[in-house]
Amino acid sequence: MNSSIRKPCLHTRPFDAMTPGSYHSIGDFYKKNFGTKPKKIPVSIADDCPNRRGLKNMETCIFCDVWGSAAFPEQRNLDLKNQIQEKIEYFNKKYKSSTFLIYFQAYTSTFLGVKGLRQSFEIALGFPQVKGIVIGTRPDCVSAAVLDLWREYSRKCFFSVELGVQSFFDSKLEFLRRGHSAETSIAIIKKIKQETDVDLGIHLIFGLPEETDQEIIETAKMISKLDLDNVKLHNLHVLKNTPLQKLYEAGQFTPMSLEEYAPKVGLFLQYLSPKISVHRLAALSSRWDELVAPSWTRHKMETYQFIINHMKAKGIYQGQLYGLQERVPSMHSL
Ligand code: SF4
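The sections below set out a description of the structure shown in this document.

Thresholds, definitions, all that
- Residues numbered from 1 in each chain as written.
- Predicted model: local features only at pLDDT ≥ 70, side-chain atom pairs only at ≥ 80, totals over all residues.
- Buried ≥ 20, exposed ≤ 12 C-beta atoms within 10 Å, placed from the backbone.
- Helix = DSSP H or I, 4+ residues; strand = E, 2+ residues; numbered from the N terminus.
- Pairing = 2+ DSSP bridges.
- Right-handed = clockwise from strand over helix to strand, strands pointing away.
- Axes fitted to C-alpha atoms, helices over the stretch in contact; angles between N-to-C directions.
- Parallel < 35°, antiparallel > 145°, perpendicular 65-115°, else oblique.
- Left-handed = near helix turned anticlockwise from the far one by under 90°.
- Contact = placed C-beta atoms within 7 Å.
- Nonpolar A, V, L, I, M, F, W, Y, C, P; charged D, E, K, R; others polar.

1. With respect to the pairing of strand β3 (residues 130-137)
Phase 1: Of all eight residues in β3, eight are buried; the element is thus mostly enclosed.
Phase 2: Bridge count for strand β2 (residues 100-104) against β3 is five bridges, and the pairing is parallel. In the strand pairing of β3, Phe100 is matched with Val130.
Phase 3: Inspection of the sheet shows β3 paired to strand β4 (residues 158-166) by six bridges, in the parallel sense. The residue bridging Thr137 from the neighbouring strand is Leu163, located in β4.
Phase 4: One crossover worth recording links β3 to the parallel β4 by way of helix α5 (residues 144-154), and it is right-handed.

In C-alpha coordinates:
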(Lines give C-alpha, C1' and ligand atoms only; values in the text may rest on other atoms or scores of the structure.)
Protein backbone atom coordinates (compact mmCIF):
# COMPACT_ATOMS: atom_id res chain seq x y z
CA MET A 1 0.00 0.00 0.00
CA ASN A 2 1.29 3.45 -0.83
CA SER A 3 0.44 5.01 2.50
CA SER A 4 1.71 8.49 1.72
CA ILE A 5 -1.16 9.29 -0.60
CA ARG A 6 -3.79 8.08 1.85
CA LYS A 7 -3.10 10.17 4.87
CA PRO A 8 -4.67 13.59 4.51
CA CYS A 9 -3.15 16.49 6.38
CA LEU A 10 -5.97 17.00 8.87
CA HIS A 11 -6.81 20.64 9.21
CA THR A 12 -7.73 22.07 12.52
CA ARG A 13 -11.48 22.39 12.48
CA PRO A 14 -12.54 25.82 11.24
CA PHE A 15 -13.99 28.47 13.47
CA ASP A 16 -15.70 30.25 10.62
CA ALA A 17 -18.21 32.93 11.34
CA MET A 18 -21.56 31.22 11.63
CA THR A 19 -24.83 32.66 10.46
CA PRO A 20 -28.34 31.61 11.54
CA GLY A 21 -29.11 28.11 10.30
CA SER A 22 -25.47 27.16 9.86
CA TYR A 23 -23.44 24.40 11.42
CA HIS A 24 -20.12 22.72 10.79
CA SER A 25 -21.06 19.80 8.58
CA ILE A 26 -18.96 16.70 8.08
CA GLY A 27 -19.10 17.48 4.36
CA ASP A 28 -17.17 20.71 5.01
CA PHE A 29 -14.63 18.78 7.05
CA TYR A 30 -14.16 16.22 4.30
CA LYS A 31 -13.83 18.84 1.60
CA LYS A 32 -11.17 20.71 3.57
CA ASN A 33 -9.19 17.51 4.16
CA PHE A 34 -9.69 15.54 0.97
CA GLY A 35 -10.44 18.34 -1.47
CA THR A 36 -13.72 16.58 -2.19
CA LYS A 37 -16.49 14.85 -0.31
CA PRO A 38 -15.63 11.15 -0.33
CA LYS A 39 -18.43 8.61 -0.63
CA LYS A 40 -18.73 6.45 2.43
CA ILE A 41 -19.29 2.82 1.53
CA PRO A 42 -21.05 0.90 4.32
CA VAL A 43 -19.94 -2.73 4.51
CA SER A 44 -20.80 -5.68 6.73
CA ILE A 45 -18.08 -7.86 8.19
CA ALA A 46 -19.67 -8.76 11.52
CA ASP A 47 -22.98 -10.47 12.14
CA ASP A 48 -23.15 -10.33 15.90
CA CYS A 49 -22.71 -8.10 18.92
CA PRO A 50 -22.58 -8.53 22.71
CA ASN A 51 -26.26 -7.68 23.12
CA ARG A 52 -27.52 -10.15 20.56
CA ARG A 53 -25.28 -12.85 21.94
CA GLY A 54 -26.70 -12.17 25.39
CA LEU A 55 -23.35 -11.63 27.08
CA LYS A 56 -23.72 -10.54 30.72
CA ASN A 57 -27.51 -10.93 30.36
CA MET A 58 -27.62 -8.15 27.76
CA GLU A 59 -30.55 -7.91 25.36
CA THR A 60 -30.90 -6.56 21.84
CA CYS A 61 -30.96 -2.76 21.87
CA ILE A 62 -34.53 -1.56 21.85
CA PHE A 63 -34.27 0.18 18.46
CA CYS A 64 -32.09 -2.29 16.55
CA ASP A 65 -33.42 -4.22 13.59
CA VAL A 66 -32.37 -7.71 12.63
CA TRP A 67 -29.67 -6.31 10.33
CA GLY A 68 -27.69 -4.66 13.13
CA SER A 69 -28.16 -1.18 11.62
CA ALA A 70 -26.55 -2.17 8.31
CA ALA A 71 -27.40 0.18 5.45
CA PHE A 72 -27.24 -2.54 2.80
CA PRO A 73 -27.98 -5.87 4.54
CA GLU A 74 -28.45 -7.62 1.21
CA GLN A 75 -24.69 -7.23 0.72
CA ARG A 76 -23.97 -9.68 3.49
CA ASN A 77 -23.90 -12.54 1.04
CA LEU A 78 -20.93 -10.99 -0.75
CA ASP A 79 -17.39 -11.14 0.53
CA LEU A 80 -15.84 -7.83 1.55
CA LYS A 81 -13.93 -7.30 -1.68
CA ASN A 82 -17.06 -7.69 -3.74
CA GLN A 83 -19.12 -5.50 -1.40
CA ILE A 84 -16.60 -2.71 -1.96
CA GLN A 85 -16.19 -3.35 -5.69
CA GLU A 86 -19.94 -3.27 -6.26
CA LYS A 87 -20.45 0.01 -4.43
CA ILE A 88 -17.45 1.72 -6.03
CA GLU A 89 -18.84 0.85 -9.45
CA TYR A 90 -22.32 2.05 -8.40
CA PHE A 91 -21.14 5.40 -6.97
CA ASN A 92 -18.75 5.94 -9.81
CA LYS A 93 -21.47 5.40 -12.38
CA LYS A 94 -24.14 7.40 -10.56
CA TYR A 95 -22.11 10.28 -9.07
CA LYS A 96 -18.73 10.03 -10.84
CA SER A 97 -17.20 9.54 -7.37
CA SER A 98 -13.55 8.61 -7.25
CA THR A 99 -12.73 8.98 -3.54
CA PHE A 100 -14.10 6.58 -0.98
CA LEU A 101 -14.06 5.75 2.70
CA ILE A 102 -14.98 2.24 3.79
CA TYR A 103 -17.43 2.24 6.68
CA PHE A 104 -17.44 -0.90 8.79
CA GLN A 105 -20.93 -0.25 10.03
CA ALA A 106 -23.11 -3.25 10.80
CA TYR A 107 -23.40 -4.85 14.24
CA THR A 108 -20.22 -4.51 16.37
CA SER A 109 -17.28 -4.63 13.97
CA THR A 110 -14.63 -5.00 16.67
CA PHE A 111 -16.33 -8.24 17.69
CA LEU A 112 -14.51 -9.74 14.73
CA GLY A 113 -11.17 -9.63 16.55
CA VAL A 114 -7.89 -8.03 15.56
CA LYS A 115 -6.91 -10.63 12.95
CA GLY A 116 -10.19 -10.34 11.09
CA LEU A 117 -10.13 -6.56 11.31
CA ARG A 118 -6.60 -6.35 9.96
CA GLN A 119 -7.49 -8.57 7.00
CA SER A 120 -10.56 -6.45 6.34
CA PHE A 121 -8.61 -3.17 6.48
CA GLU A 122 -6.05 -4.55 4.04
CA ILE A 123 -8.76 -5.61 1.62
CA ALA A 124 -10.31 -2.13 1.83
CA LEU A 125 -7.01 -0.32 1.34
CA GLY A 126 -6.18 -2.59 -1.58
CA PHE A 127 -8.50 -0.37 -3.63
CA PRO A 128 -6.50 2.71 -4.72
CA GLN A 129 -9.64 4.87 -4.64
CA VAL A 130 -10.13 4.11 -0.94
CA LYS A 131 -8.60 6.90 1.12
CA GLY A 132 -9.60 5.83 4.59
CA ILE A 133 -11.46 3.65 7.03
CA VAL A 134 -14.38 4.38 9.32
CA ILE A 135 -15.28 1.82 11.94
CA GLY A 136 -18.34 1.73 14.17
CA THR A 137 -18.38 -0.03 17.51
CA ARG A 138 -19.68 0.07 21.06
CA PRO A 139 -17.90 1.88 23.92
CA ASP A 140 -17.40 -1.42 25.76
CA CYS A 141 -15.88 -3.32 22.83
CA VAL A 142 -12.52 -1.56 22.47
CA SER A 143 -9.69 -3.74 23.75
CA ALA A 144 -6.04 -2.74 24.11
CA ALA A 145 -5.26 -4.84 21.02
CA VAL A 146 -7.95 -3.03 19.03
CA LEU A 147 -6.51 0.32 20.13
CA ASP A 148 -3.07 -0.80 18.95
CA LEU A 149 -4.53 -1.73 15.59
CA TRP A 150 -6.32 1.60 15.23
CA ARG A 151 -3.12 3.44 16.14
CA GLU A 152 -1.24 1.50 13.48
CA TYR A 153 -3.77 2.17 10.73
CA SER A 154 -4.25 5.81 11.67
CA ARG A 155 -0.61 6.29 10.64
CA LYS A 156 -1.34 4.79 7.22
CA CYS A 157 -4.62 6.38 6.23
CA PHE A 158 -7.48 8.55 7.38
CA PHE A 159 -8.90 6.47 10.21
CA SER A 160 -12.13 7.36 11.94
CA VAL A 161 -13.99 5.68 14.79
CA GLU A 162 -17.72 6.09 15.45
CA LEU A 163 -18.77 5.03 18.93
CA GLY A 164 -22.39 4.18 19.66
CA VAL A 165 -22.65 6.26 22.82
CA GLN A 166 -26.33 7.18 22.22
CA SER A 167 -26.74 9.02 25.54
CA PHE A 168 -24.69 10.29 28.47
CA PHE A 169 -27.52 9.49 30.89
CA ASP A 170 -27.76 6.04 32.43
CA SER A 171 -31.56 6.08 32.71
CA LYS A 172 -31.75 6.63 28.97
CA LEU A 173 -29.17 3.92 28.27
CA GLU A 174 -31.21 1.49 30.36
CA PHE A 175 -34.35 2.34 28.39
CA LEU A 176 -32.42 1.68 25.18
CA ARG A 177 -31.06 -1.58 26.68
CA ARG A 178 -27.56 -0.62 25.66
CA GLY A 179 -25.86 -2.68 28.32
CA HIS A 180 -23.14 -0.09 28.97
CA SER A 181 -23.03 2.97 31.16
CA ALA A 182 -22.26 6.61 30.43
CA GLU A 183 -19.16 6.24 32.56
CA THR A 184 -17.90 3.48 30.24
CA SER A 185 -18.38 5.78 27.25
CA ILE A 186 -16.55 8.68 28.85
CA ALA A 187 -13.66 6.47 29.96
CA ILE A 188 -13.10 4.96 26.52
CA ILE A 189 -13.41 8.31 24.76
CA LYS A 190 -10.69 9.72 27.00
CA LYS A 191 -8.52 6.65 26.44
CA ILE A 192 -8.87 6.78 22.66
CA LYS A 193 -8.09 10.51 22.67
CA GLN A 194 -5.04 10.02 24.88
CA GLU A 195 -3.60 6.95 23.19
CA THR A 196 -4.35 7.41 19.50
CA ASP A 197 -4.85 10.17 16.97
CA VAL A 198 -7.84 8.63 15.25
CA ASP A 199 -10.64 10.89 14.16
CA LEU A 200 -13.23 10.21 16.87
CA GLY A 201 -16.98 10.67 16.71
CA ILE A 202 -20.04 9.44 18.54
CA HIS A 203 -23.64 8.64 17.72
CA LEU A 204 -26.42 10.14 19.81
CA ILE A 205 -30.14 9.48 20.00
CA PHE A 206 -32.59 12.25 20.88
CA GLY A 207 -36.31 11.94 21.37
CA LEU A 208 -36.10 9.59 24.34
CA PRO A 209 -38.86 9.49 26.97
CA GLU A 210 -38.71 12.28 29.55
CA GLU A 211 -35.75 13.91 27.85
CA THR A 212 -35.22 17.46 29.11
CA ASP A 213 -33.68 20.51 27.49
CA GLN A 214 -31.10 20.54 30.26
CA GLU A 215 -30.01 17.04 29.26
CA ILE A 216 -29.58 18.18 25.66
CA ILE A 217 -27.48 21.14 26.82
CA GLU A 218 -25.36 18.98 29.11
CA THR A 219 -24.79 16.52 26.28
CA ALA A 220 -23.52 19.28 23.98
CA LYS A 221 -21.24 20.60 26.74
CA MET A 222 -19.96 17.12 27.49
CA ILE A 223 -19.05 16.45 23.85
CA SER A 224 -17.37 19.82 23.54
CA LYS A 225 -15.33 19.22 26.68
CA LEU A 226 -14.32 15.74 25.56
CA ASP A 227 -13.04 17.42 22.39
CA LEU A 228 -14.63 14.91 20.05
CA ASP A 229 -14.13 15.40 16.34
CA ASN A 230 -17.66 14.74 15.18
CA VAL A 231 -21.14 13.67 16.16
CA LYS A 232 -24.03 11.96 14.39
CA LEU A 233 -27.61 12.67 15.53
CA HIS A 234 -30.56 10.31 15.32
CA ASN A 235 -34.16 10.68 16.38
CA LEU A 236 -35.46 7.57 18.09
CA HIS A 237 -37.67 5.90 15.51
CA VAL A 238 -39.53 2.63 15.37
CA LEU A 239 -38.51 -0.14 12.98
CA LYS A 240 -40.35 -3.39 12.34
CA ASN A 241 -39.50 -6.42 14.45
CA THR A 242 -37.72 -4.45 17.16
CA PRO A 243 -38.46 -4.35 20.89
CA LEU A 244 -39.42 -0.70 20.39
CA GLN A 245 -42.20 -1.70 18.00
CA LYS A 246 -43.85 -3.68 20.79
CA LEU A 247 -43.70 -0.66 23.12
CA TYR A 248 -45.05 1.59 20.38
CA GLU A 249 -47.97 -0.73 19.64
CA ALA A 250 -48.73 -1.00 23.35
CA GLY A 251 -48.89 2.79 23.53
CA GLN A 252 -45.84 2.93 25.77
CA PHE A 253 -43.66 4.93 23.40
CA THR A 254 -44.59 7.85 21.19
CA PRO A 255 -42.01 9.02 18.66
CA MET A 256 -41.31 12.71 18.54
CA SER A 257 -42.86 14.89 15.89
CA LEU A 258 -40.51 16.85 13.65
CA GLU A 259 -41.86 20.03 15.28
CA GLU A 260 -40.69 18.70 18.66
CA TYR A 261 -37.40 17.32 17.37
CA ALA A 262 -36.09 20.35 15.46
CA PRO A 263 -35.82 22.60 18.56
CA LYS A 264 -33.80 19.87 20.31
CA VAL A 265 -31.29 19.81 17.47
CA GLY A 266 -31.13 23.61 17.46
CA LEU A 267 -30.55 23.71 21.22
CA PHE A 268 -27.85 21.04 20.99
CA LEU A 269 -26.02 22.88 18.21
CA GLN A 270 -26.16 26.18 20.06
CA TYR A 271 -24.12 24.69 22.91
CA LEU A 272 -21.85 22.54 20.75
CA SER A 273 -18.31 23.70 20.07
CA PRO A 274 -18.11 25.07 16.51
CA LYS A 275 -14.97 22.95 16.01
CA ILE A 276 -16.98 19.70 16.11
CA SER A 277 -18.38 18.53 12.82
CA VAL A 278 -21.86 17.10 12.52
CA HIS A 279 -22.64 14.12 10.30
CA ARG A 280 -26.37 14.35 10.14
CA LEU A 281 -29.15 16.09 11.99
CA ALA A 282 -31.65 13.22 12.12
CA ALA A 283 -31.97 9.53 11.41
CA LEU A 284 -32.68 8.39 7.91
CA SER A 285 -34.59 5.20 7.34
CA SER A 286 -32.79 3.65 4.41
CA ARG A 287 -35.26 0.76 4.21
CA TRP A 288 -38.69 2.37 3.96
CA ASP A 289 -40.52 -0.92 4.31
CA GLU A 290 -39.03 -1.34 7.77
CA LEU A 291 -40.04 2.04 9.16
CA VAL A 292 -43.08 2.02 11.45
CA ALA A 293 -42.94 5.59 12.83
CA PRO A 294 -42.53 8.52 12.63
CA SER A 295 -43.19 8.85 8.93
CA TRP A 296 -41.09 12.02 8.62
CA THR A 297 -37.98 9.87 9.10
CA ARG A 298 -38.51 8.72 5.50
CA HIS A 299 -37.84 12.16 4.06
CA LYS A 300 -34.19 13.12 4.34
CA MET A 301 -34.19 16.48 2.59
CA GLU A 302 -37.52 17.71 3.96
CA THR A 303 -36.40 16.86 7.49
CA TYR A 304 -33.06 18.57 6.99
CA GLN A 305 -34.69 21.68 5.55
CA PHE A 306 -37.26 21.83 8.34
CA ILE A 307 -34.50 21.85 10.97
CA ILE A 308 -32.46 24.45 9.09
CA ASN A 309 -35.55 26.63 8.64
CA HIS A 310 -36.26 26.33 12.37
CA MET A 311 -32.70 27.43 13.16
CA LYS A 312 -32.90 30.35 10.74
CA ALA A 313 -36.24 31.47 12.10
CA LYS A 314 -34.89 31.43 15.66
CA GLY A 315 -31.52 32.94 14.72
CA ILE A 316 -29.73 29.77 15.87
CA TYR A 317 -26.31 28.51 14.77
CA GLN A 318 -23.73 26.03 16.02
CA GLY A 319 -21.58 27.29 18.87
CA GLN A 320 -23.76 30.33 19.53
CA LEU A 321 -23.91 29.62 23.27
CA TYR A 322 -20.76 27.50 23.46
CA GLY A 323 -18.58 28.37 26.41
CA LEU A 324 -21.34 29.91 28.48
CA GLN A 325 -20.54 29.33 32.12
CA GLU A 326 -24.10 28.94 33.33
CA ARG A 327 -23.81 25.28 34.25
CA VAL A 328 -21.14 22.66 33.68
CA PRO A 329 -22.12 19.02 33.16
CA SER A 330 -23.42 17.89 36.50
CA MET A 331 -23.97 14.19 35.94
CA HIS A 332 -20.36 13.25 35.32
CA SER A 333 -17.09 14.84 36.27
CA LEU A 334 -14.66 15.16 33.37
S1 SF4 B 1 -27.41 -1.46 18.10
FE2 SF4 B 1 -25.44 -2.50 17.90
S3 SF4 B 1 -25.03 -3.31 19.96
FE4 SF4 B 1 -27.23 -2.84 19.88
S5 SF4 B 1 -28.22 -4.77 19.28
FE6 SF4 B 1 -27.84 -3.58 17.41
S7 SF4 B 1 -25.89 -4.32 16.61
FE8 SF4 B 1 -26.04 -4.96 18.77
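2. With respect to the packing of helix α10 (residues 258-271) against helix α11 (residues 300-314)
Each pair of packed helices gets described by two things: the angle between the helix axes and the distance between those axes.
Phase 1: With their axes 9 Å apart at the nearest point, α10 and α11 run at an angle of 60 degrees to one another. Taken together, the axes of α10 and α11 are oblique relative to one another. For α10 against α11, the interelement crossing comes out right-handed. Contacts between α10 and α11 pair Leu258, Ala262, Pro263, Val265 and Gly266 from the former with Thr303, Phe306, Ile307, His310, Met311 and Lys314 from the latter.
Phase 2: A class-by-class count of the residues in the contact of α10 with α11 yields seven nonpolar, three polar and one charged.

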